[in-house]
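Per-entry structural report
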Amino acid sequence: MQPDAASPASGEQTAGRAAPDAPSQQAGGPQAAAPEGLGLADAAALAALEGVCFPDAWDASTFAAALARPHVRAYGIRDGDHLAAYGVFHFLGDEFEVINIAVDPARRGQRLGSRLFGHVLQQADKAGMLQGHLEVRAGNEPAKRLYLRHGFAVVGVRKRYYPDTGEDALVMRREAGQGASANI
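**Points about the overall build of the chain**
Each helix and strand in the chain was counted, giving four helices and seven strands. Each helix and strand of the chain, ordered N terminal to C terminal, gives the series β-α-α-β-β-β-α-β-α-β-β. The buried share among the 184 residues of the chain stands at 52%. For the chain, the proportion of contacts with a sequence separation of at least 24, taken over those separated by at least 6, is 69%. Carbon and sulfur atoms make up 53% of the accessible area of the chain, which totals about 7,700 Å².

Put into structure tokens, the structure is as follows:
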């Protein structure tokens, strides 16, 4: 698992860069929308949202290539036709890896990331996933809070992991049933 890498094979672009949640939405907005599975047809929307969240964003073809892989799944929350939040995950055997989570900057603080992440973790528990893994930038406080709220714990450090800044990555793990619905 390698967050912030720009290819699906190398892993996660957002566990290390999870876009923080942020301000409440009026009724009928993304707060009312249920998390849903995303597919190849959503690659452009995923790339568009990623592009406003991260400087080293995946493009639509990278998302399409990732989503074409049998064990990669994406989930999102829409605000009408607009993708307000998404997460991309790799499920294999009885483990999963958080590849990417992002929330539209204009919609942060609405707990969309937490709701989406909680939904996916509940699905992982139901599917018998025993462990989840991710890497997060050591300085990404909003992402670390999100992961801790949902049962992840720091289990290691990868020194100077991120080539753009030399920042360390925290390796986090979650055992089955550890806080999947916390603070959704």
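There's more to say after this.
**Here we look at the packing of aromatic side chains**
As enumerated under the stated definition, the model contains 11 aromatic pairs in all. Judged by centre distance (5.7 Å) and plane angle (20°), the ring pair of F117 and F152 falls under stacked. Here the residue F117 occupies a position in helix α3 (residues 112–126), and F152 occupies one in the loop between α4 (141–149) and β6 (153–158), the gap between them amounting to 35 residues. Each member of the pair F117 and F152 is classed as buried.

**As for unusual backbone geometry**
A positive phi angle is found at R111, which is not glycine, with a value near 65°. Within the secondary structure, R111 sits in the loop between β4 (95–103) and α3. You will see that R160, though not glycine, has its phi angle at about 50°, which is positive. Take R160: it is sitting in the loop between β6 and β7 (169–175). Taking the relative accessible area as the measure of exposure, R160 reaches 62% and is therefore exposed.

**Comments concerning the side chain of D104**
Relative to the assigned elements, D104 resides in the loop between β4 and α3. Discounting residues that sit within four places of it in the chain, D104 has contacts with L49, H82 and A84.

**A look at the sheet that holds strand β3 (residues 82–92)**
The sheet built from seven strands is open, its strands ordered β1-β2-β3-β4-β5-β7-β6 with mixed pairing. In the strand order of this sheet, the two ends are held by β1 (36–38) and β6, each with one partner. The average undirected angle you get between the axes of adjacent strands in this sheet is 30°. Sheet topology places β4 next to strand β5 (residues 131–137); three bridges connect them, and they run parallel. Among the inter-strand pairings, F96 is bridged to a residue of β5, identified as G132.

**As for the pattern of salt bridges**
Per the counting criterion, the structure on display carries 11 salt bridges. With a shortest N-O distance of 2.9 Å, E135 and R158 are connected by a salt bridge. Residue E135 is found in strand β5, and its partner R158 is found in strand β6; the two are separated by 23 residues along the sequence. Using a relative accessible area of 0% as the deciding quantity, one classes E135 as buried. Overlapping salt bridges, with partners in common, bring together E36, D42 and R78 in one network.

Rules used throughout
Numbers given for residues are sequential positions, taken from 1 along each chain in its written order. Two thresholds apply to this predicted model, a pLDDT of at least 70 for residue-level local features and 80 or more for giving and counting side-chain atom pairs, whereas whole-chain, interface and lining totals are computed over all residues. Note that water and hydrogens are dropped before the side-chain values are worked out from all heavy atoms of the structure. Strands here are runs of E lasting at least two residues and helices are runs of H or I lasting at least four, both read from the DSSP assignment and numbered beginning at the N terminus. Note on classification: 1.4 Å probe, protein chains only; a residue is buried when its accessible area is under 20% of the maximum for its type, exposed when over 50%, partly exposed between these limits. Between two residues, a contact is recorded if the distance between any of their heavy atoms is within 4.5 Å. Residue exposure ignores everything except the shown protein chains as possible cover, and the areas themselves are Shrake-Rupley values with a 1.4 Å probe. Whether two aromatic rings pair depends on their centres lying within 6.5 Å, for rings of Phe, Tyr and Trp, where Trp uses its six-membered ring; planes under 30 degrees apart make the pair stacked, over 60 edge-to-face, and the rest tilted. The pairing criterion is simple: DSSP has to find at least two bridges between the two strands. Working convention: axes come from line fits to C-alpha atoms, limited for helices to the stretch in contact. Angles between N-to-C directions cover 0 to 180 degrees. By salt bridge we mean one thing: a side-chain nitrogen of Lys or Arg within 4 Å of a carboxyl oxygen of Asp or Glu.

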